[in-house]
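# A look at the structure
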Amino acid sequence: MAQVIAICNQKGGVGKTTTSINLSACFAGAEKRVLLIDLDPQSNATTGLGFNKYEAEKSIYNVLVEDFPIAEAVQATEMPYLSLLPASPALVGAEVELVTVMSRETRLKEQIDKVRDDYDYIIIDCAPSLGLLTLNSLCAADSVLVPVQCEYFAMEGMAELQKTIQLVQQRINQNLSILGIVLTMYDPRNNLSRQVQESMRKYFNEKVFEVLIPRNVRLSEAPSHGKPIVLYDVECKGATSYIELAQEVMKHTEAKDLPLHEEREEDEVVAEGVEAEFQASPFETELSIPAPEHNVLQGALDSCDRTS
Ligand SMILES: Nc1ncnc2c1ncn2[C@@H]1O[C@H](COP(=O)(O)OP(=O)(O)OP(=O)(O)O)[C@@H](O)[C@H]1O
Ligand SMILES: [Mg+2]
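Attention here is on the structure that accompanies the text. (Residues numbered from 1 in each chain as written. Chains lettered and ligands numbered in written order. Predicted model: local features only at pLDDT ≥ 70, side-chain atom pairs only at ≥ 80, totals over all residues.)

### Examining the overall build of the protein chain
To be explicit about the condition: Note on conventions: DSSP H or I runs of at least 4 residues are helices, E runs of at least 2 residues are strands, and numbering of each starts at the N terminus. Burial is judged by counting other C-beta atoms within 10 Å of a residue's own C-beta: 20 or more means buried, 12 or fewer means exposed, and anything between counts as partly exposed, with every C-beta placed from the backbone. Here the contact rule is simple: place C-beta atoms from the backbone, and any two residues whose C-beta atoms are within 7 Å are in contact.
On a plain count of helices and strands, the protein chain comes out with 15 helices and eight strands. Split into buried and exposed, the 308 residues of the protein chain put 48% on the buried side. When contacts within the protein chain are restricted to residue pairs at least 6 apart in sequence, long-range pairs at least 24 apart make up 79% of them.

### Examining the pairing of strand β4 (residues 82-85)
Our working definition: The rule for pairing is simple: two strands pair if DSSP sees at least two bridges between them.
Burial along β4 is two-sided: the face carrying Leu82 and Leu84 and the face carrying Ser83 and Leu85 are both buried. Here four bridges tie strand β2 (residues 34-39) to β4, and the two strands are oriented parallel to one another. Bridge pairing links Val34 to Leu82 in β4. Sheet topology places strand β3 (residues 75-76) next to β4; two bridges connect them, and they run antiparallel. By the bridge assignment, Ala76 is partnered in β4 with Ser83. Between the end of β3 and the start of β4, which pair antiparallel, lie five residues.

### Focus: the environment of Leu138
In this fold, Leu138 is placed in helix α7 (residues 132-140). Its 26 C-beta neighbours within 10 Å are what place Leu138 among the buried residues. A sequence separation of 38 residues divides Leu138 from Leu176, and the C-alpha atoms of the two residues are 7.4 Å apart. For Leu138, the residues in contact, after removing those within four places along its chain, are Ala6, Val144, Ile165, Val168, Asn173 and Leu176.

### Comments concerning the sheet that holds strand β8 (residues 208-214)
For clarity, the threshold we go by: Think of each axis as a best-fit line through the C-alpha atoms, taken over the contacting stretch in the case of a helix, with angles from 0 to 180 degrees between the N-to-C directions.
With respect to topology, eight strands assemble into an open sheet ordered β3-β4-β2-β5-β1-β6-β7-β8, the strand pairing being mixed. Each edge of the open sheet is held by one strand with a lone partner, namely β3 and β8. Where helix α9 (residues 191-204) meets the sheet, it contacts β6 (143-149), β7 (177-186) and β8, and its direction lies at approximately 170 degrees from that of β7.

### Observations concerning helix α1 (residues 16-29)
Rules: Working rule for helices: expected span equals 1.5 Å times residues minus one.
The end-to-end C-alpha distance of α1 is 20 Å, a good match for the 20 Å that 14 residues give at a rise of 1.5 Å each. Counting buried positions along α1 yields 14 of 14 residues, so the element is predominantly enclosed. Phi turns positive, to about 65 degrees, at Glu31, one or two residues after α1.

### So, the site of ligand 1
Basically, it comes down to this: For each residue, a C-beta atom is placed from the backbone, and the residue counts as near a molecule or strand when that atom lies within 6 Å of it.
Inspection of the region around ligand 1 gives 19 residues, with Lys16, Thr17, Thr18, Pro128 and Ser220 positioned closest. Ranked by the residues each element gives to the shell around ligand 1, the list is headed by α1, at three residues.

### Some words on unusual backbone geometry
Note on backbone geometry: most residues besides glycine have negative phi, and most peptide bonds are trans. The phi dihedral of Glu31 is positive, around 65 degrees, even though this residue is not glycine. Positionally, Glu31 belongs in the loop between α1 and β2. In this structure, Asn205 is a non-glycine residue whose phi angle is positive, near 45 degrees. Inspection of the secondary structure assignment puts Asn205 in the loop between α9 and β8. Given 12 C-beta atoms within 10 Å, Asn205 falls into the exposed group.

### Describing the environment of Ser241
Inspection of the secondary structure puts Ser241 in helix α12 (residues 237-254). Spatially, the C-alpha atom of Ser241 lies 6.6 Å from that of Val211, the residues being 30 residues apart in sequence. The residues contacting Ser241, other than those within four sequence positions of it, are Val211, Leu212, Ile213 and Pro214.

### Topic: the packing of α1 against α12
The following threshold applies: Throughout, the term roughly parallel applies to angles under 35 degrees, roughly antiparallel to angles over 145, roughly perpendicular to angles from 65 to 115, and oblique to all others. Residue polarity follows a fixed list, in which Ala, Val, Leu, Ile, Met, Phe, Trp, Tyr, Cys and Pro are nonpolar, Asp, Glu, Lys and Arg are charged, and the others, Gly among them, are polar.
At a closest axis distance of 9 Å, the pairing of α1 and α12 adopts a crossing angle of 70 degrees. When the axes of α1 and α12 are compared, the pair comes out roughly perpendicular. Residues Asn22, Leu23, Cys26 and Phe27 of α1 pack against Tyr242, Ile243, Leu245, Ala246 and Val249 of α12. By residue class, the composition of the contact of α1 with α12 is eight nonpolar, one polar and no charged.

### Section: the pairing of strand β1 (residues 3-7)
Among the five residues that make up β1, five are buried, leaving the element largely enclosed by the rest of the structure. Residues Gln3, Ile5 and Ile7 point to one face of β1 and Val4 and Ala6 to the other, with burial holding for every one of them. Here β1 runs beside strand β5 (residues 121-126); their pairing, made up of five bridges, is parallel. Note that in β5 the partner of Gln3 across the bridge is Tyr121.

Rendered as structure tokens:
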């Protein structure tokens, strides 16, 4: 039965889509059956795998809004073990159209449950927001993988994301856990990159994957050729790093027999660590961004409660 992993960070441009495409392709290269779901109206995972976002006959939009079966909307890709559920720009309307629909936060989960047995991994590429689409991904997922860019403002939004995940755990999806944080666009020549890495490892401990995804021009070129990095240039540093990440993720997900409540406690400790970081940061301006009082998802969850 598939492990469902949401690749999520409401911050834009941190490497969610690059990680979604390449992690999926590395799993597929290891002969794991993979479904990549593009849940972002920007449709970058769709175009990054060589599909035209305006031409998909059926997309995740039809699945979410019209109950169209996932199995009939998936597209085969160049890699035999990798399938794609494409997005289209119409998806931008889904956030609004779903507002009046019953159980709107569990639409994706209901559909994914029907195809779980057909795959080993289902990877969801989320949009840079904490709206209804992302809420659907967190309700459907077993775990969340958070790409964090090794840059100024790396920590921005981490506390809010953690609070969101905890809210979903408490209210809708008790099984949701944080699979890990992957540091992206790492540049060892850059002091800031090294500082961000140290600080992330200090506060998130073993939740940060060992492998560092380097800033690598081949990774940014590959989507314009419609290929994952393992087909575009399997020997470059970007490819070997994503292969290592896939190996780490497989190790975690395949040996996952920890009692769930223990994981939950661990996540809470991490959240406290972040709060402490906000208060006692060595890089004040970079890290001392308080979590907003009003959580966007809290509002969405509250209104779900009222209507369902
Ligand atoms: N390791 C890397 N090395 C070099 N360029 C990278 C790397 N990872 C991502 N990029 C580039 O950075 C940009 C943002 O990456 P990506 O689209 O994966 O981020 P994202 O989090 O999905 O963005 P969004 O929030 O808009 O969905 C892209 O142009 C991508 O090609
Ligand atoms: Mg993206």
